[in-house]
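Each chain is listed here by its residues.
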Amino acid sequence: MVSKMLVDFVKMEFFKLKGTKVFIFTLLLSLLFPLIAIILNKSFLGVSTDTLLDILISIYFSFLGFMLFVVVMDSLFNIDFKNRTLKSIIPLPVSKTKFLIGKLVTLFIWVISLSFIYYLASVILPVIFGYGVASSIFINSFYSIVGGTILLFAIMTPLVFVYIVTKSSNLTYIITFLLLFGDMIFGLFGITNASKYLPWSYLSSLVTGGIQTDLVLSYGIIVVVFIVGIVLSYVYINHVDLDL
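Described below are features of the structure shown in this document.

## Re the overall build of the protein chain
Argument step 1. Secondary structure assignment for the protein chain yields nine helices and zero strands.
Argument step 2. Helices and strands in the protein chain line up, N terminus first, as α-α-α-α-α-α-α-α-α.
Argument step 3. A separation of at least 24 residues holds for 77% of the contacts in the protein chain among residues at least 6 apart in sequence.

## Details of the packing of aromatic side chains
Argument step 1. For the coordinates displayed, the defined rule picks out 14 aromatic pairs.
Argument step 2. Their ring planes at 85 degrees and their centres at 5.1 Å tell us that Tyr-60 and Phe-61 sit as a pair that is edge-to-face.
Argument step 3. Owing to a relative accessible area of 1%, Phe-61 belongs among the buried residues under this scheme.
Argument step 4. By way of ring pairs, the aromatic residues Phe-33, Tyr-60, Phe-61 and Tyr-118 are connected into one cluster.
Argument step 5. The ring of Phe-77 has Lys-103 lying over it, and the distance from NZ or CZ to the ring centre is 5.8 Å.

## Notes on the pattern of salt bridges
Argument step 1. Applying the stated criterion to the full structure yields two salt bridges.
Argument step 2. Between Lys-16 and Glu-13 there is a salt bridge whose closest N-O contact spans 2.9 Å. Residue Lys-16 and its partner Glu-13 are located together in helix H1 (residues 4–18), separated by three residues, close to a single helical turn.
Argument step 3. Overall, Glu-13 belongs to the buried group, its relative accessible area being 1%.
Argument step 4. Here Lys-103 makes a salt bridge to Glu-13, at a shortest N to O gap of 2.6 Å. One end of the pair, Lys-103, is in helix H4 (residues 96–128); the other, Glu-13, is in helix H1, and 90 residues separate them in sequence.
Argument step 5. Under the relative-accessibility criterion, Lys-103 is labelled buried at 0%.
Argument step 6. A cluster of three or more residues bridged by salt bridges with shared partners is formed by Glu-13, Lys-16 and Lys-103.

Parameters at a glance
- Residues numbered from 1 in each chain as written.
- Predicted model: local features only at pLDDT ≥ 70, side-chain atom pairs only at ≥ 80, totals over all residues.
- Heavy atoms only, no water.
- Helix = DSSP H or I, 4+ residues; strand = E, 2+ residues; numbered from the N terminus.
- Contact = heavy atoms within 4.5 Å.
- Phe/Tyr/Trp six-rings, centres within 6.5 Å; stacked < 30°, edge-to-face > 60°.
- Buried < 20%, exposed > 50% of the residue type's maximum accessible area, 1.4 Å probe, protein only.
- Lys NZ or Arg CZ within 6 Å of the ring centre and 35° of its normal.
- Salt bridge = Lys/Arg side-chain N within 4 Å of Asp/Glu carboxyl O.

Any functional reading would require information beyond the geometric quantities listed.
Shown next as structure tokens:
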């Protein structure tokens, strides 16, 4: 049974998040990006609706979704680290473990909400602009967005650990960019097959069906990355004195 205290903590986190510029920024970005893409397509490209949706989903899980995750995560943790409110939260009645779980739950709910908003904008706006949207595309895109967001959350948990340890927004953003372009970086050194071991690089292909082989390996790496991120965050926050 979920602790009422944990539920109240998550509600408090959403209340704090709603009072930040990040809340409005991420919400607008999720809405405006599909709108701009659809306007550009209407004016210049003229691709079909299903192709446009594939492009939007691919962009989301290649770059945009990752950046939304990091921006929201930065805001959620920075509120307490910057304002030094941890001293009033962690001792009692909220334990360090519940603090971490509450932050992760809030992060997941808002990120998947942003993904859903992005999805709705991507399928509804084409109708407004005169495109036809088949029900099969509507359903398949929904599954891609939901499943992809869960996978994105899983592979970004190590960044939570990095932020908790360093409390550095800049370093977290830099590491995110390095992870997203890891296959290109390895390519500069002549390593051409590294992408299949980097979930941050292959997530978009996995979500859109571009990966047909080595699915066990692809999903297995994601599970391992998720476990490592959660375990490291849990161990650190419970066994290291935080700078309150």
